[in-house]
Amino acid sequence: MATIRPFRCVRPEQDVADRVAALPYDVYNRQEAKAEVEREPLSFLKIDRAETGFPDSVDTYAPEVYQRAKELLQKDMADGIYRRDEEPSYYVYELTMKGRTQTGLAACAAVDDYINNVIKKHENTRADKEQDRITHVDTCNAQTGPIFLAYRSDTVINEVVARAGEGRPLYDFTSPDGIGHRVWKISDAEEVEKIRNAFEHIGQIYIADGHHRAASAVKVGLKRREENPGYDGTEEFNYFLSVLFPHDQLMIMDYNRTVKDLNGLSREEFLQKISGCFRVEESGIPVRPEKKGTFGMYLEGKWYRLTAEKSLFEGRDAVGSLDVSVLQDHLLSPVLGIGDPRTDSRIDFVGGIRGLEELERRADTDMKVSFSMYPTSITELFDVADQELLMPPKSTWFEPKLRSGLFIHEI
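Rules used throughout
Residues numbered from 1 in each chain as written. Predicted model: local features only at pLDDT ≥ 70, side-chain atom pairs only at ≥ 80, totals over all residues. Heavy atoms only, no water. Salt bridge = Lys/Arg side-chain N within 4 Å of Asp/Glu carboxyl O. Buried < 20%, exposed > 50% of the residue type's maximum accessible area, 1.4 Å probe, protein only. Helix = DSSP H or I, 4+ residues; strand = E, 2+ residues; numbered from the N terminus. Axes fitted to C-alpha atoms, helices over the stretch in contact; angles between N-to-C directions. Parallel < 35°, antiparallel > 145°, perpendicular 65-115°, else oblique. Left-handed = near helix turned anticlockwise from the far one by under 90°. Contact = heavy atoms within 4.5 Å. Nonpolar A, V, L, I, M, F, W, Y, C, P; charged D, E, K, R; others polar. Pairing = 2+ DSSP bridges. Phe/Tyr/Trp six-rings, centres within 6.5 Å; stacked < 30°, edge-to-face > 60°.

### Side note on the pattern of salt bridges
Consideration 1: Inspection of the entire model under this criterion finds 46 salt bridges.
Consideration 2: Note that Asp-79 and Lys-75 form a salt bridge whose closest N and O atoms lie 2.7 Å from each other.
Consideration 3: Note on Asp-79: relative accessible area 48%, which makes it partly exposed.
Consideration 4: Note on Lys-75: relative accessible area 48%, which makes it partly exposed.
Consideration 5: Asp-323 is the salt-bridge partner of Lys-292, the closest N and O atoms lying 3.3 Å from each other. Taken together, the positions of Lys-292 in the loop between strand S15 (278-283) and strand S16 (294-299) and Asp-323 in helix H11 (residues 323-332) put the pair 31 residues apart, joining distant regions of the chain.
Consideration 6: Residue Lys-292 is classed as partly exposed on the basis of its relative accessible area, which comes to 38%.

### What to know about the packing of helix H6 (residues 127-140) against helix H9 (residues 211-227)
Two measures define how a pair of helices packs: the angle their axes make with one another and the distance between the axes.
Consideration 1: One way to put it is that H6 packs onto H9 with a least axis distance of 8 Å and a crossing angle of 55°. What the angle tells us is that H6 and H9 run oblique. For the crossing formed where H6 meets H9, the hand is right-handed. Where H6 approaches H9, its residues Lys-129, Glu-130, Arg-133, Ile-134, Val-137 and Asp-138 are matched on the opposing element by His-212, Ala-215, Ser-216, Lys-219, Val-220, Lys-223 and Arg-224.
Consideration 2: Taken together, the residues of the contact of H6 with H9 break down into four nonpolar, two polar and seven charged.

### Observations regarding the sheet that holds strand S3 (residues 82-84)
Consideration 1: With antiparallel pairing, four strands are arranged side by side in an open sheet as S3-S2-S21-S7. Each end of this open sheet is capped by a strand with a single partner; those strands are S3 and strand S7 (142-143).
Consideration 2: Of the strand pairs in this sheet, S7 and strand S21 (residues 408-410) are connected by two bridges, and their pairing is antiparallel. In the strand pairing of S21, Ala-142 is matched with Glu-410.

### So, the pairing of strand S8 (residues 147-151)
Consideration 1: Counting buried positions along S8 yields five of five residues, so the element is predominantly enclosed.
Consideration 2: Taking every second residue as pointing to the same face, both faces of S8 are buried, with Ile-147, Leu-149 and Tyr-151 on one and Phe-148 and Ala-150 on the other.
Consideration 3: Alignment of S8 against strand S12 (residues 239-246), held across five bridges, turns out to be parallel. In the sheet register, Tyr-151 faces S12, and the bridge partner there is Pro-246.
Consideration 4: Relative to strand S11 (residues 205-209), S8 runs antiparallel, the two being bridged by three bridges. Counted as the bridge partner of Ala-150 is Tyr-206 from S11.

### Comments concerning the side chain of Arg-213
Consideration 1: If you trace the backbone, Arg-213 turns up in helix H9.
Consideration 2: Dropping the residues within four chain positions of it, Arg-213 is found in contact with Pro-24, Tyr-25, Asp-26, Gly-145, Pro-146 and Ile-147.

### Re the packing of aromatic side chains
Consideration 1: Evaluated as defined, the whole model comprises 14 aromatic pairs.
Consideration 2: Measuring from ring centre to ring centre gives 3.9 Å for Tyr-206 and Phe-382, while their planes differ by 15°; the resulting arrangement is stacked. Residue Tyr-206 is found in strand S11, and its partner Phe-382 is found in helix H13 (residues 378-386); the two are separated by 176 residues along the sequence. By the burial criterion, Tyr-206 is buried, and Phe-382 matches it.
Consideration 3: Both rings, one in Phe-278 and one in Phe-295, keep their centres 5.8 Å apart while their planes meet at 85°; by these two values the pair is edge-to-face. On the criterion of sequence distance, the pair formed by Phe-278 in strand S15 and Phe-295 in strand S16 is long-range, its members being 17 residues apart. Both residues of the pair, Phe-278 and Phe-295, belong to the buried class.
Consideration 4: Three or more aromatic residues link up through ring pairs in this structure, and these residues are Phe-7, Tyr-91, Tyr-93 and Phe-407.

Okay, structure coming up:
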């Protein structure tokens, strides 16, 4: 049973919400983050990435950077940029991209559910990336970036969310990237209890995106437990900020690959080698795969359609049968010599949001060959997590991205 509880949210005032809302901290490099904060001084990025307020000579992870983040958050709250809601509430968060809408619920998930694998993972995390957010959360006494969670759609939750959406939204704006954002508050005691009870009957919650943020929030919670041995489990540090979406509303985009060279092979030798596992067909148009087991390939100005032999999927577990695994195991590794895509500098990854044109551009400039993928499905993600396996790197790309700064959970 999952514990998903309402919380006293710190959130921006209505007239500045569109200016505060920021893309996740990790989609920017330092210079991009600095440029964004210069463009919009109220952007929450100035708190999420407080190094933007320091010269480049100051280390991103210096203690004074995190202290600055805390001071900026406290100042904005004192200046009335943010407000603290009095009653614990759930918040409906609707995002619309290119006419397609997905609606989630901002709430707090339980540290113990993460530890006990009620909240399921499908990626490994890196200690260095965790440490940054551990320090940020611990110093600010607040979780500022929500973890993107998914659950199997539930009728009761859907009905409560739909009723909330009939009212006037707290926020209704379009961000500079064209994404529509609307938020409603659910504070009615009866409606709150319906949501809480419904989640108690849901056995599994899945991390869709934000594994490092989740791991960091949990480690801060465990640290606070050590510092407060008399804790009773109700303290805010036992919970972490999340936005939860029903599985049937989520869209996973393709996460594509591009490789620097042909591993010493000529074009003809390369095509010959891959034809053992894939049917290779030249295409007069760019190839965006339309079904599982097919891939697009762009090489020396030409597009090809690759169709994997059915035998490559037979007898494989939930990870081995993923398209990203089939490409890795039967082409990238044995033919192109990409042994570990996590560490090999010869491979790069291109989110589907950037389009096939980016794959062409990379292969025509700094790389040699690009591959377009059929997106991993949410069902495949659930299967991998349920089998307690780990996905290969860069298997999923979720859009639209949740904004930071709209919901803050103080711990």
